[in-house]
Amino acid sequence: MSGWTWCYEGYDPAEEGLRESLCTVGNGYLATRGAAPESSADGVHYPGTYAAGVYNRLETEISGKGVENESLVNLPNWLPVTFRVEGGPWFDIDAAEILEYRQCLDLRRAVLTRRFRYRDGAGRTTAVTQRRFADMRFAHACALEVTITPEDWSGRLELRSALDGRVANTLVDRYRDLASGHLQTVDTRELGEDSCLLETQTSQSKIRVAMAARSTLWRGERRCDAERRLVEEPSWIGHDVAVDVAAGDSVTLEKIVTVFTGRDRAVSEPAAEAARWLPRMGRFGTLLEDHCLAWTQLWERFDVRIEGEQHALRTVRLHLLHLLQTLSPNTVDLDVGVPARGLHGEAYRGHVLWDELFVFPLLNLRVPDLTRALLRYRYRRLPEAREAARAAGLRGAMYPWQSGSDGREENQRLHLNPMSGRWLPDPTWRQHHIGIAVAYNVWHYYQATGDREFLTHYGTRMLVEIAWFWSSLASYDRRCGRYVIRGVMGPDEFHSDYPGATGDGIDNNAYTNVMAVWVILRAIDALSLIPEQARRELMRTVGLQDGELARWRDISRSMFVPFHDGVISQFEGYEDLAELDWEGYRRRYGDIQRLDRILEAEGDDVNRYKASKQADVLMLFYLLSADELGPLFDRLGYGLDRDAIPRNIDYYLVRTSHGSTLSAVVHAWVLARAHRERAMEFFVRTLRADITDIQGGTTPEGIHLAAMAGSVDLLQRCFSGLETREDRLLLNPYWPESLGTLTLPLRYREHPLLLRISGNRVDVTAGPGMQQPIEIECRGQTAELTPGSTVRFPL
């Protein structure tokens, strides 16, 4: 494989789910899994298509309780193309004798190619090549090309191309007991001898979804004179095309599809738009040329080059591809957030969690207008977050752990433990630290861009509302003379309660308490940065008084942070928990990533143990550098000695099961300074998380978008020591020599930059322009960078 292709050799039904997820093609508006065009959802194949923001809500009775879930909807399948020879059975790859098989995803162009040769029951040998893409230039178009070559036979070839609305959300086994039929068919009709239309509507949200398909048959550049007929079934419509072929001759079916939904802007009505735009679409090759140009321009902003390990480079590019297929310039005008599992499957039901915390650092320094648009998704849902806080008896904004269409809490109330078969209460709605992630993203977008207009009209309001939530949740505890935060859940999802308790959460999660103070300080900073009139208007609008600001400052100096045995306690009372027999459980189970499920199936409870699913305390060292964290702890009156960070890392590392793909990202980051070899181990683990399906079955349900983005950010910010803080670009490289030289494009405060880091030097080059100079600092050395110039720092 080259550095720009991701290939699979041979057909393996057991691997199809993983390959489908990793070979998804998308454009930020929609994405389609890499399923075989001739397949349907049958336990091996799952040809799902998902459009950003198209959700629907259904209710199911589970264990006598009504459970309501909103899901990203699996849209009608636009792929179906199959064929048969001399009136025989339609091609089925699972029933055919496969002679050769190769499937490749072109990472540079986002084109999936599938080539195979097979022998049928009559001994005829046929070669098939299929190519597909979701158009990055015109987001409402998808294209599929199928070329069939009879190698040793001549006769009648019949092809069938269709649109299939008989789909449901059935990808995730754990959700099989939940209602899954989200679509109702509105209309199917023929648009012409080679074109048809399928229109559906979601059952609850009433979003119309229309697809129009044109299927034409070609021999080279010449349109085939073929026999055609319309084929129609309930919720399914297509055309059969028959033609005579000779050995060695190839025929090509080009299928062009337009997709519109009721959420689109500047459209009259989805079905009318799909039908109107279809004739405007050129042939496959013409669309492909424009699509490739759009990708070329994206890679100019996003490509990362490392001269060392080429497999690592190819994996990094795969991760960037899937990030851009989920979130692209086509996403800017959509009212959508960052779906945790991309547009690649149905895990987490397509919900928006805290994954943007790991994604935005890449977007901030490349396509900041996209970050701004995604932050507006959070801003539009501020009223819902305010109402959630009010309903809880609090002030400010309480953002939901899982969000979908309207910003209400979409977290499931019950979840299935597949090891025990039991449906259990899901307490993860207590992860109010999602608001910390939103605030962090607002502030760091501003730091990367200097976008004062955004800060004035949107960002400060979000920071203030989130800060107010934390100040209202905090209460003064006279026993310790400090403010405390009770009844929450930290990033570690193994600890939702104290042993024997039911549903009350934990108290004084260190990550939550410290970062709540950070949010409060950033809200105060933001208020000082915006114009005085805007500040007065905002304070009047939200009802914020000077007395409340004084309380915020008091909290920022007096928040309680628990410690034990010289380390920061994950939460108050953590030191009283039992130690787990880690080696014993590894011997018994092998894979113990999901200790919570193992222990529950044994009748035990993970809340009893000093065991973490993922980084919790260590998230502090991930989000804040030592230069930021030290003064913050000093302000709180605690202080961190020189060895505090490595001591905490060592303590929690041996007590973590890494049951989240994000755990490897965070551990690679925090280990990079003092334990570079261990950091590289976790970096490699991050690269392998999805491509090897490290969690044993979760990647076929959808990629882990934050882990993919986080793997690239380890190169961009961690190993390079890059920060955007205090109106300057800071660099403190600890670059692994095994990776060779790093070269990557950045965009900081309107300056297009090229960063190059080797073992002994850092070069930063600015593109030409009229921008104001920027300040670059590298390990205490400071230089001014002007447009068209280069600064160099020896290491």
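Residues numbered from 1 in each chain as written. Predicted model: local features only at pLDDT ≥ 70, side-chain atom pairs only at ≥ 80, totals over all residues. Heavy atoms only, no water.

## Remarks on the overall build of the protein chain
Using the following cut-off: For the purposes of this entry, the term helix denotes a DSSP run of H or I that reaches at least four residues, the term strand denotes a run of E that reaches at least two, and both are numbered from the N terminus. The atom set for the radius of gyration is the C-alpha atoms, and the globule formula is 2.2 Å times the number of residues raised to the power 0.38. Contacts are residue-level and defined by heavy atoms, with any inter-residue pair within 4.5 Å sufficient. Note on areas: these come from Shrake-Rupley sampling with a 1.4 Å probe, and a residue is covered only by the protein chains present in the view. For this count, His and the chain ends are skipped, Lys and Arg are scored as positive, and Asp and Glu as negative. Positions of charges follow a simple convention, taking NZ of Lys, CZ of Arg, CG of Asp or CD of Glu.
The helix and strand inventory of the protein chain stands at 20 helices and 34 strands. Its C-alpha radius of gyration of 27 Å places the protein chain within 12% of the 28 Å reference for a compact globule of 795 residues. For the protein chain, the spread of C-alpha atoms along the three principal axes comes to 85 × 70 × 55 Å. Pairs at least 24 apart in sequence give 68% of the contacts found in the protein chain among residues at least 6 apart. Accessible area for the protein chain stands at about 28,500 Å²; split by element, carbon and sulfur atoms hold 45% of it. Here the protein chain carries 94 positive and 111 negative side-chain charges, and the mean point of each set is 3 Å from the other.

## Some thoughts on the packing of aromatic side chains
Short version of the rule: Two aromatic rings, drawn from Phe, Tyr or Trp (for Trp, its six-membered ring), form a pair once their centres lie within 6.5 Å of each other, and the interplanar angle then sorts them: stacked below 30 degrees, edge-to-face above 60, tilted otherwise. Remark: exposure states derive from per-residue accessible area (1.4 Å probe, protein chains only) relative to the maximum for the residue type, with buried under 20%, exposed over 50%, and partly exposed in between. In our convention, an over-ring charge means Lys NZ or Arg CZ found within 6 Å of a ring centre and within 35 degrees of that ring's normal.
Applying the stated criterion to the full structure yields 31 aromatic pairs. On the numbers, 5.7 Å between centres and 80° between planes, the contact of Tyr498 with Phe571 is edge-to-face. Of the two residues, Tyr498 is situated in the loop between strand S24 (482-484) and helix H10 (510-529) and Phe571 in the loop between strand S26 (567-568) and helix H13 (582-589); the sequence distance between them amounts to 73 residues. Residue classification places Phe571 among the buried residues on the basis of a relative accessible area of 0%. Between Phe563 and Tyr638, the aromatic rings sit 5.4 Å apart at their centres with planes inclined by 40°, giving tilted as the arrangement. Of this pair, Phe563 sits in strand S25 (residues 563-564) while Tyr638 sits in the loop between helix H16 (626-636) and helix H17 (644-653), placing them 75 residues apart in sequence. What makes Tyr638 partly exposed here is its relative accessible area of 27%. The rings of Tyr11, Phe83, Phe91, Tyr101, Phe116 and Tyr118 are connected pair by pair, giving a single aromatic cluster. A cation over a ring is seen here: Arg108 above Trp4, with NZ or CZ 4.2 Å from the ring centre.

## Brief notes about the state of the cysteines
Rules: Any pair of cysteine sulfurs within 2.5 Å is marked as a disulfide.
Inspection of every chain in the model, using the stated rule, returns one disulfide. Paired through a disulfide, Cys7 and Cys104 show a sulfur-sulfur distance of 2.1 Å. Between Cys7 and Cys104, the S-S torsion sits near 115°, and that sign places the bridge as right-handed. Here Cys7, found in strand S1 (residues 5-9), pairs with Cys104, found in strand S8 (residues 97-106); they are 97 residues apart in sequence, far enough to count as distant. According to the relative accessible area criterion, Cys7 is buried, its value standing at 12%. We note that Cys142 lacks a disulfide partner, and the nearest cysteine sulfur, in Cys196, lies 14 Å from it. Free of any disulfide, Cys224 has its nearest neighbouring cysteine sulfur in Cys196, separated by 19 Å.

## Let's talk about the packing of helix H6 (residues 368-380) against helix H9 (residues 452-473)
Where we set the bar: For every element, the axis is a line fit to its C-alpha atoms; helices are fit only across the contacting stretch, and the angle between N-to-C directions ranges from 0 to 180 degrees. Roughly parallel means an angle under 35 degrees; roughly antiparallel means over 145; roughly perpendicular covers 65 to 115; every other angle is labelled oblique. In this scheme, a crossing is called left-handed if the near helix is turned counterclockwise away from the far one by less than a right angle; it is called right-handed if the turn is clockwise. Residues were grouped as follows: Ala, Val, Leu, Ile, Met, Phe, Trp, Tyr, Cys and Pro as nonpolar; Asp, Glu, Lys and Arg as charged; and all remaining residues, including Gly, as polar.
Across the interface, H6 lies against H9 with an axial gap of 10 Å and an inter-helix angle of 40°. Judged by the angle between their axes, H6 and H9 are oblique. Note that H6 runs across H9; the crossing there is left-handed. Between H6, through Arg372, Leu375, Arg376, Arg378 and Tyr379, and H9, the contact on the second element is made entirely by Glu453, Phe454, His457, Tyr458, Arg461 and Met462. Counted by class, the contact of H6 with H9 contains five nonpolar, one polar and five charged residues.

## Regarding unusual backbone geometry
Positive phi values are uncommon outside glycine, yet Lys206 reaches one of about 60°. If you trace the backbone, Lys206 turns up in the loop between strand S14 (195-202) and strand S15 (208-219).

## Some remarks on the side chain of Thr149
What counts is decided by this rule: N or O atoms within 3.5 Å of each other form a polar contact, as long as, within protein, one can give a hydrogen and the other can take it, and as long as residues adjacent in sequence are counted only when both atoms are side-chain atoms.
Within the secondary structure, Thr149 sits in strand S11 (residues 141-150). Looking at Thr149, its side chain comes within polar contact range of the side chain of Ser250, at 2.5 Å. Every residue in contact with Thr149, bar those within four places of it in the chain, is listed here: Thr125, Thr126, Ala127, Gly248, Asp249 and Ser250.

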